Each structure stands twice: as structure tokens, then as C-alpha cells.
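# An overview of the molecular structure
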There are 2 protein chains.
Amino acid sequence: LLGILGGMGPQAGLDQAARIIAMTPAQSDQDHLPFVLFSMPGEIADRTAFLRGEAADNPAFAIAGQLQKMAALGVTVVVMACNTAHAPPIFDVVLEQLRERRVNIRMLHLVDETVAFILREHPCLTRIGVLATPGAYRTNLYTDALAVAGLEAIVPDEEVREQLLHAAVYDPGFGIKATPGAVSHEARQRVHAAVLNLREHGAEAVVLGCTELPLAIEEHSIEGIPILDPARIIAERLTCMLGAE
Amino acid sequence: LLGILGGMGPQAGLDQAARIIAMTPAQSDQDHLPFVLFSMPGEIADRTAFLRGEAADNPAFAIAGQLQKMAALGVTVVVMACNTAHAPPIFDVVLEQLRERRVNIRMLHLVDETVAFILREHPCLTRIGVLATPGAYRTNLYTDALAVAGLEAIVPDEEVREQLLHAAVYDPGFGIKATPGAVSHEARQRVHAAVLNLREHGAEAVVLGCTELPLAIEEHSIEGIPILDPARIIAERLTCMLGAE
């Protein structure tokens, strides 16, 4: 049984589930992969605020608590629908908590799976643009994982991070987290501008390294640059992995 | 904690969750209503096949088993994202099973909530068109609930039911259940034609009485006829009910 840990934000959790359903070859309801989706956002503090040092509570403890409940339901494989939650200061504590609580569950890693996908499907690319939250940049989440694979991460400068990306995701008026059902034109424009900025800096592909971003960009490529969506990559991996069982 | 019993089909479960998220006034992840969504379609036999007498197993037992697991997680209110599962031969057995298993959970009723909405929001209408599955028609699911409220149900004749509706939902090639991620033009056309057929028979509004149908019709009205989506109606009800707690 697959578990999707959503709520970070709620729409991103649904989006992850939708991608899995869309990729499953099925003729009837009964052919689809079974999953449970947890969306209890009030329990899980903002990941970026913690990584920036603006909030003291590590969301890892609430995440581990929800994973423990999933395991009790029979869940054996989990994907967390939030890139930033994979930053080591959070993810490592989640794994440690699972060991301490003796929770036997396999965690798919959104970032590592994305890097593996790039090596497999785009073997000639070397400079990978990364759009992410300030929390992910601060912890070098994608930068480190790409470096291990011999790839260079192209990240935007501070101004683009704050004015375009952080605002597009978090602004209480037009941000994607504030209007998840109907992403604003303003948010779309800023994410689009951030992609073009990375292209100018030499990116040969761009990873949407925050689960909110694919809600604002549906294109598979922009001006010749492939747009890589970790939620889609993990959906493909899961349908292979669990479909073959 | 809200429970959404999905998987009937999987996309309809996500759609129900998406409508709740879209209707919740929120500025951050943490403002959203907590919910768990179960999508284990392999366990729950087809509702229409059972009601038509083509399958012996009542899906009510598997449904009750999943609701029991939800209750153990702390779920107190549930909506089943499937109109047909509310037909008395299934729904009454679910309630009976919950009593027997001493599961204390409140079941929102998609059909009764829809009829209440019509009385409240469209008090001048008297003839309500109903698009549904053969299983729902056979058990007079909407017809009886509308009659209790003094409203007349307009239902399509046998040919429209089979050629347009059943095919649009269940056809293994172009049916909505077979291609949930991207509804086919063929399925859209048939649902649309069924709406027009009900209009010709005097319907003043049309209820999309199968959770698959709103995936094929996004319009709020067609040629002046209001299109009523039970998933949207229940989402509004839930956000009021749980948001006010």
C-alpha cells in the first residue's frame, strides 16, 4: 500500500496523487494502485520557515507521527509531496524518528529520484537549473544531490529567489499556497520569469524543486528548455515499481 | 478530522478533495482543513454491477471496513465520493455494518445534501434532471429523494442511459473511468448530449449524479440550465461545517 504524505501544501498532495492515477494503465476503478493520502497541514509547521531559522519547531516530528499512523494502516512505501521536507535537517530527523519508533516504511526520495532521472533520460546535460524555496536553497538540497552525480546546479540570485519565487509560492494575496485551486496570473508570470532567468545563466534544463511550482507551469518545456517535475518523475517510478508487484 | 472515501473512481475522490481545498479560505498550508483520503479501489467491487445483479458481492462490507480504519485514525465525518454507493441496498448495509462494528462516524449523504441544496438555492424549480449510473436509476436513488422533497425527477430513457451515460462512464476505451487523467472528447460529447436530452424532456436543472460526470462537464450551466455538482455542494457544506468548529 502506497502512502502520500500531503498537506505541504494540500494541492501539491492531490497533484502527486493525480499524476500517479493518470500514469496507471487502467480500464476500471479496480485496476488503479491503492493509496492513502494524508493532508493534515495544521500539524506540520512550514518547512522553509524552520530551515530559515524563523521557526523553532522541526516539522520532522509531526511528519514522523503521521508516517507512523500510515504504517499502522499497512502502508509500506511513502512519498512526501514536498521537496523542501527532503532537506537533511528535516529528512534525516524523520528517518531517525522512524528508526526510534520502529516504523518499517520505505521512503522514496523526491530529490534523489529526480537526479537519477536526469542521469538516465538526459545524459548529455550538465548544467541543471533549480527552482526551489529559500529553505531548499539554504540547505543546498538539489545542489548537493546534483554535485554527487557530477552535475552543476544553476540557482538564481537572491533577488530572483525572493521577488519571484518566494513571492509566487508564499504571497498571502497572489501566492500559489493562498490560491491553490486557481493559480493567479501574477504567480504564473513570476515562475515563468524565474525559468527564463536560469536559462540566461546557462541552465540546460530546469527542475521545479518545490511541489507548488508545477501548479503554475504546465509546459513540458519553455523556449527549448526541458522542465522537469519531480512529482511526475516519482509517479512514473511508483507505477513501475508497484504495478510490477 | 474529515475522511474522504475515494477510489470510486480514484479521480472522483481527488476531485472531491480538490473542491474542498478550493473552497477553503486560506492564506497558508496550515489554514486548510485536515483530511485523509482513502483510495483502495481494488477492495471495493463496482457499485453498479452489484445493483444490476451482475455481481454478488455487496461493496458495503469493504466500504465499512475502510470506514472502520478511518475512525481508528480519528476521523469523525466522512463523505463517500460516489453517488451510486448511496443507493439504499449499499448505503443501508454500510450503516448497519458501522453499528455492528461500533464505529462512531458521521456519514454525510451526497444525495440528501444535493436535494437540500436545490430546495435552498433553487426554490422555484420543480423538474430536476438526473444523470446517473444504471445502478442509481434502478434503485431510484435520486428519484425517491427528490419525490420526498416534492420535486419531480426527469430521467433519460433506456437508450440514453446505455448509449450515452453508461458508455461515457464505463467504456473501456473512451470511458471516463478508463482515462481519468484526460477525459476523452467522445465521453464529453455523450454527457453533453444526455444533458440536452433531459432539457428536451422538461428538466429545469440537471444533477450530475455520478462522481465521474463532473470530470466531463466543467460548465456551471448549459444553454440556460443550471448544472448541479454534488461534489461541489458537499464541499461547500463541509467547509462551513468544519470551518466553523
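What you see is a predicted model, and the numbers here were worked out from it, not measured in a lab. (Residues numbered from 1 in each chain as written. Chains lettered and ligands numbered in written order. Predicted model: local features only at pLDDT ≥ 70, side-chain atom pairs only at ≥ 80, totals over all residues. Heavy atoms only, no water.)

## With respect to the relation of the copies chain A and chain B
Mapping one chain copy onto the other needs a rotation about an axis and a shift along that axis. Selection rule: Copies overlap after least-squares fitting; the atoms used are the C-alpha atoms of residues with pLDDT of at least 70 in both. In this description, contact between two residues means that some pair of their heavy atoms is separated by no more than 4.5 Å.
Rotating chain A by 180 degrees about the axis while translating it 0.0 Å along that axis superimposes it on chain B, leaving an RMSD of 0.0 Å. Taken together, the turn and the small shift mark the pair as related by a two-fold rotation axis. Rotation axis and chain A: the residue whose C-alpha lies nearest the axis is A:L37, separated from it by 2.5 Å. Comparing interface residues between copies, 100% of those in chain A also lie at the interface in chain B; the contact surface is shared.

## Focus: the layout of surface pockets
Inclusion rule: Here a cavity denotes a set of grid points, spaced 1 Å apart and computed over the protein atoms alone, in which a 1.4 Å probe fits but from which it cannot get out, and a pocket denotes an open set meeting protein on both sides within 12 Å along at least five of seven lines; residues with an atom within 4 Å of a point are reported as lining. Grid points are joined across faces, edges and corners, and a volume is the space filled by probe spheres set on the points. Lys, Arg, Asp and Glu make up the charged group, whereas Ala, Val, Leu, Ile, Met, Phe, Trp, Tyr, Cys and Pro make up the nonpolar group; the residues left over, Gly among them, are polar.
In this model, the largest pocket occupies a volume close to 1200 Å³. Lining the largest pocket are 37 residues, and of these A:Q11, A:D15, A:A18, B:Q11 and B:A18 lie nearest its centre. Tallied by class, the residues present in the lining of the largest pocket amount to 20 nonpolar, five polar and 12 charged.

## Looking at the interface of chain A and chain B
Cut-off, in case you're wondering: Once two parts are put together, the accessible area they lose, assessed with a 1.4 Å probe and summed over both, is termed the buried area. A pair is scored as a salt bridge if a Lys or Arg side-chain nitrogen falls within 4 Å of a carboxyl oxygen belonging to Asp or Glu. Polar contact criterion, stated in full: a pair of N or O atoms within 3.5 Å, where within protein one must be able to donate a hydrogen and the other to accept it, and residues adjacent in sequence count only if both atoms are side-chain atoms.
Each side of the interface is counted separately: chain A has 38 residues, and chain B has 38 residues. With both chains or domains summed, chain A and chain B bury close to 2900 Å², and 62% of this area falls on carbon and sulfur atoms. When the buried area of chain A at its contact with chain B is split by residue, A:L14, A:D29 and A:Q30 rank highest and sum to 21% of it. Across the contact surface, chain A and chain B share four salt bridges. Between A:D29 and B:R47 there is a salt bridge, with the nearest N and O atoms lying 2.9 Å from each other. Here chain A and chain B share nine residue pairs in polar contact (both at pLDDT 80 or more) between them.

## Some details on unusual backbone geometry
Residues and elements named next belong to chain A. Inclusion rule: Strands are runs of DSSP state E lasting at least 2 residues, helices are runs of H or I lasting at least 4, and numbering of each runs from the N terminus. Each residue is assigned to one of three classes by its accessible area relative to the maximum for its type, calculated with a 1.4 Å probe on protein chains only: buried under 20%, partly exposed between the two thresholds, exposed over 50%.
The peptide bond linking M8 to G9 adopts the cis configuration, its omega dihedral lying at -15 degrees. The topology assignment puts G9 in the loop between β1 (2-5) and α1 (10-23). A positive phi angle, near 55 degrees, is found at N140, a position not held by glycine. With relative accessibility at 34%, the residue N140 sits in the partly exposed group.

## Looking at the packing of aromatic side chains
Note the threshold: Stacked, edge-to-face and tilted are the three classes for Phe, Tyr and Trp ring pairs, Trp counted by its six-membered ring, which pair at centre distances within 6.5 Å; planes under 30 degrees apart are stacked, over 60 edge-to-face, the rest tilted. Cation placement over rings: the criterion is NZ of Lys or CZ of Arg within 6 Å of the ring centroid and within 35° of the ring normal.
Per the stated rule, a full pass over the model turns up zero aromatic pairs over all chains. The residue whose ring lies beneath A:R161 is A:Y137, and the NZ or CZ to ring-centre distance is 4.4 Å.

## Description of the sheet that holds strand β3 (residues 77-80) of chain A
Rules: DSSP calls a pair of strands paired once it identifies at least 2 bridges connecting them. In this description, a line fitted to the C-alpha atoms serves as the axis of each element, helices being fitted only across the stretch in contact, and the angle between N-to-C directions of two axes falls anywhere from 0 to 180 degrees.
An order of β4(A)-β3(A)-β1(A)-β2(A)-β2(B)-β1(B)-β3(B)-β4(B) is seen for the eight strands of this open sheet, with the pairing classed as mixed. With one partner strand each, in any of the chains shown, β4 (106-108) of chain A together with β4 (106-107) of chain B form the two edges of the open sheet. For β3(A) and β4(A), the ladder comprises three bridges, and the chain directions are parallel. Bridge pairing in β4(A) places A:V78 opposite A:M107. Here helix α3 (residues 60-72) of chain B sits on the sheet and contacts β1 (2-5), β2 (35-39), β3 (77-80) and β4 of chain B; the angle it forms with β1(B), its principal contact strand, is near 155 degrees.

## Regarding the confidence of the model for chain A
The condition that has to hold: Per residue, pLDDT captures the predictor's confidence, and it can take any value from 0 to 100.
Of all residues in chain A, 99% attain a pLDDT of 70 or more, and the chain-wide mean is 93. For this predicted complex, the interface confidence reaches an ipTM of 0.90, while the overall pTM sits at 0.92.

## Description of the packing of helix α8 (residues 158-170) of chain A against helix α9 (residues 185-200) of chain A
All names here are of chain A. For clarity, the cut-off: In what follows, roughly perpendicular refers to angles from 65 to 115 degrees, roughly parallel to angles under 35, roughly antiparallel to angles over 145, and oblique to any angle outside these ranges. Whether a crossing is left-handed or right-handed is set by the direction in which the near helix is turned from the far one by less than a right angle, anticlockwise for left-handed and clockwise for right-handed.
Viewed as axis vectors pointing N to C, α8 and α9 meet at an angle of 140 degrees, and their least axial separation amounts to 8 Å. Classified by the interaxial angle, the pair formed by α8 and α9 is oblique. At the point where α8 passes α9, the crossing takes the left-handed sense. In contact with V160, Q163, L164, L165, A167 and A168 of α8, α9 contributes A187, R190, V191, A193, A194 and N197. For the contact of α8 with α9, the class distribution of residues is nine nonpolar, two polar and one charged.

## Thoughts on the side chain of B:T139
Residue and element names in this part refer to chain B. Along the chain, the position of T139 falls in the loop between α6 (134-138) and α7 (141-148). There is a polar contact of 3.0 Å between the side chain of T139 and the backbone oxygen of G135. Contacts of T139, omitting those with residues within four sequence positions, involve L51, A87, P89 and D144.

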